[in-house]
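# Residue-level structural notes
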Amino acid sequence: MGMATIRMIDIAVNLTDGMFKGIYNGKQYHVADIASVLSRAWNAGVDRVIVTGGSLEESREALSISETDGRLFCTVGVHPTRCKEFEESGDPEKHFQALLSLAKEGMQKGKVVAIGECGLDYDRLHFCPPDIQKKYFEKQFELAHATKLPMFLHMRAAAADFCEIVERNKDRFCGGVTHSFTGSAEDCEKLISFNNMYIGVNGCSLKTPENLAVVSSIPVEKMMIETDSPYCEIKNTHAGMKFVKSTWPSKKKEKHEQDCIVKGRNEPCLVRQVLEVVAGCKGITEIEQMSRTIYYNTCRVFFPQDLDSAADALLSGHMVLREP
């Protein structure tokens with residue numbers, strides 16, 4: 001069984017981040033290397049990547065990056081920590097309309113697959129107070145409703161308010177994923193009780209024994225996998241590390257080489273490790289079947305046009321989607 005027999009979709013990659021341009025904390029260490037990063041991902045069995053947009057400007061950049069390859073897609077939306085941009089723009093309604101027209105333009109190009117990253121983040125209130133976060137999280141359900149797109153959601157230390165807003169807007173919500181999940185088993189149960197809501201798991205979801213216990217309780221039928229790179233890598237000190245089987249040669253950023261991953265910078269090929277840790281903590285040896293279910297979940301929400309009756313056979317394991 002070669003690595004390439006397992007197909008994966010990384011639903012969260014921050015390709016607009018400076019680290020993929022070789023810039024760390026404002027200082028240039030090496031050349032931009034997105035092409036090498038993506039080539040490693042495709043070789044590892046990743047066949048699609050969703051590039052995250054977290055502001056109007058970043059969503060524009062995410063769209064232009066996604067236009068460079070048929071396997072790249074993106075989101076359009078405003079991250080909770082950046083929701084002040086609606087008011088700082090001087091005209092919140094005009095800002096909203098700019099997001100809507102960008103989303104529509106990206107949909108026509110076949111590239112924008114979700115509204116987001118939006119939600120609530122009460123760990124980082126210094127960037128944006130809760131009242132503004134709540135107001136513009138709610139507002140972005142209008143984007144989802146107007147475009148009929150699913151939502152790519154962020155929930156950090158805010159489960160009660162987050163679930164209340166989703167509940168209130170569930171008629172405008174056709175489905176989505178709460179990504180980079182680090183909540184409790186109760187949070188998880190509440191989320192998956194929403195129709196067509198999935199849980200996105202990455203390295204940050206797999207740090208502690210408590211995290212692993214929660215992840216092991218998430219039904220595979222309700223799960224997606226992601227890296228959230230360049231953040232959220234699985235570190236040697238993390239509880240999940242003992243289940244990792246696939247590794248890549250790495251070099252420090254100061255000694256950058258195109259065919260090595262950069263130490264301390266996560267990237268989409270490493271979504272394979274997330275899959276391995278999920279399987280490990282669930283005690284699943286049939287990683288291929290599990291990966292097919294997760295792939296199918298992801299297509300159901302973000303790539304529904306691919307799921308004709310033939311693709312339904314994915315679930316029973318009779319076929320694997322051809323590479324796009």
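Source: prediction; values computed, not measured.

## Details of the overall build of the chain
- Tallying secondary structure elements over the chain gives eleven helices and twelve strands in all.
- Scaling as 2.2 N^0.38, a compact globule of 324 residues should have a C-alpha radius of gyration of about 20 Å, and the chain matches this with 19 Å.
- With the C-alpha coordinates aligned to their principal axes, the bounding extent of the chain is approximately 55 × 45 × 40 Å.
- In the chain, of all internal contacts separated by at least 6 residues, the share reaching a separation of at least 24 is 73%.
- When the accessible area of the chain is evaluated, it comes to approximately 13,400 Å², of which 51% is carbon and sulfur surface.
- Both charge centroids of the chain, one from 39 positive and one from 44 negative side chains, sit 3 Å from each other.

## Looking at the UniProt feature "binding site: a divalent metal cation 2" (unreviewed entry) in the chain
- Feature annotation in UniProt places "binding site: a divalent metal cation 2" (unreviewed entry) on His154 and His179, given in this structure's numbering. Their sequence span is 26 residues, while the largest C-alpha to C-alpha distance among them is just 5.8 Å; these annotated residues converge on one region.
- Inspection of the secondary structure assignment puts histidine 154 in strand β7 (residues 151-156).
- Owing to a relative accessible area of 3%, histidine 154 belongs among the buried residues under this scheme.
- By secondary structure assignment, the location of histidine 179 is in strand β8 (residues 176-179).
- Those residues within four positions of histidine 179 in sequence are excluded, and the remaining contacts are Ala12, Glu117, Phe152, Leu153, His154, Gly200, Glu226 and Asp228.

## Focus: helix α8 (residues 209-216)
- Those residues of α8 lying buried are Asn211, Leu212, Val214 and Val215. Taken down its axis, α8 places every buried residue within 160 degrees of arc, on the same side. Along α8, exposed side chains directed more than 90 degrees from the buried face belong to Pro209 and Glu210.

## A closer look at unusual backbone geometry
- For the bond from glycine 116 to glutamate 117, the omega torsion is 15 degrees, close enough to zero to count as cis.
- Turning to its location among the elements, glutamate 117 is positioned in strand β6 (residues 112-121).
- Of the consecutive residues serine 229 and proline 230, the connecting peptide bond is found in the cis state with omega at 10 degrees.
- Checked against the element boundaries, proline 230 lands in the loop between β10 (223-225) and β11 (250-251).
- Non-glycine residue serine 180 carries a positive phi angle of around 50 degrees.
- On the basis of relative accessibility, which here comes to 0%, the residue serine 180 falls in the buried class.
- We note that asparagine 196 has phi near 65 degrees; this positive angle belongs to a residue other than glycine.
- Following the sequence through the fold, asparagine 196 ends up in the loop between α7 (185-192) and β9 (197-201).
- Residue class for asparagine 196 comes out buried when judged on its relative accessible area of 17%.

Analysis parameters
- All residue numbers here refer to positions counted from 1 along the written sequence of the relevant chain.
- With the structure being a predicted model, the display of local features is reserved for residues of pLDDT at least 70 and the display and counting of side-chain atom pairs for 80 or more, all residues being used for whole-chain, interface and lining totals.
- Hydrogens are left out, water is left out, and the side-chain values use all remaining heavy atoms of the structure.
- Secondary structure elements are taken from DSSP: a helix is a run of H or I of four residues or more, a strand is a run of E of two residues or more, and numbering for both begins at the N terminus.
- With the radius of gyration taken over C-alpha atoms, the globule rule is written as 2.2 Å times the number of residues to the power 0.38.
- By definition in these notes, contact holds between two residues if any of their heavy atoms fall within 4.5 Å.
- Here the open area of atoms and residues is found with the Shrake-Rupley method and a 1.4 Å probe, where only the protein chains shown may cover a residue.
- All tallies of charge rest on Lys and Arg as positive and Asp and Glu as negative; His and the ends of each chain are not included.
- Think of each charge as sitting on NZ of Lys, CZ of Arg, CG of Asp or CD of Glu.
- UniProt positions are given in the numbering used here, feature names are shortened, and annotations may be inferred rather than shown by experiment.
- Here the term buried applies to any residue with accessible area under 20% of the maximum for its type, exposed to any over 50%, and partly exposed to those in between, with areas from a 1.4 Å probe on protein chains only.
- Regarding the arc, it is the one traced by the directions from the helix axis to the C-beta atoms.

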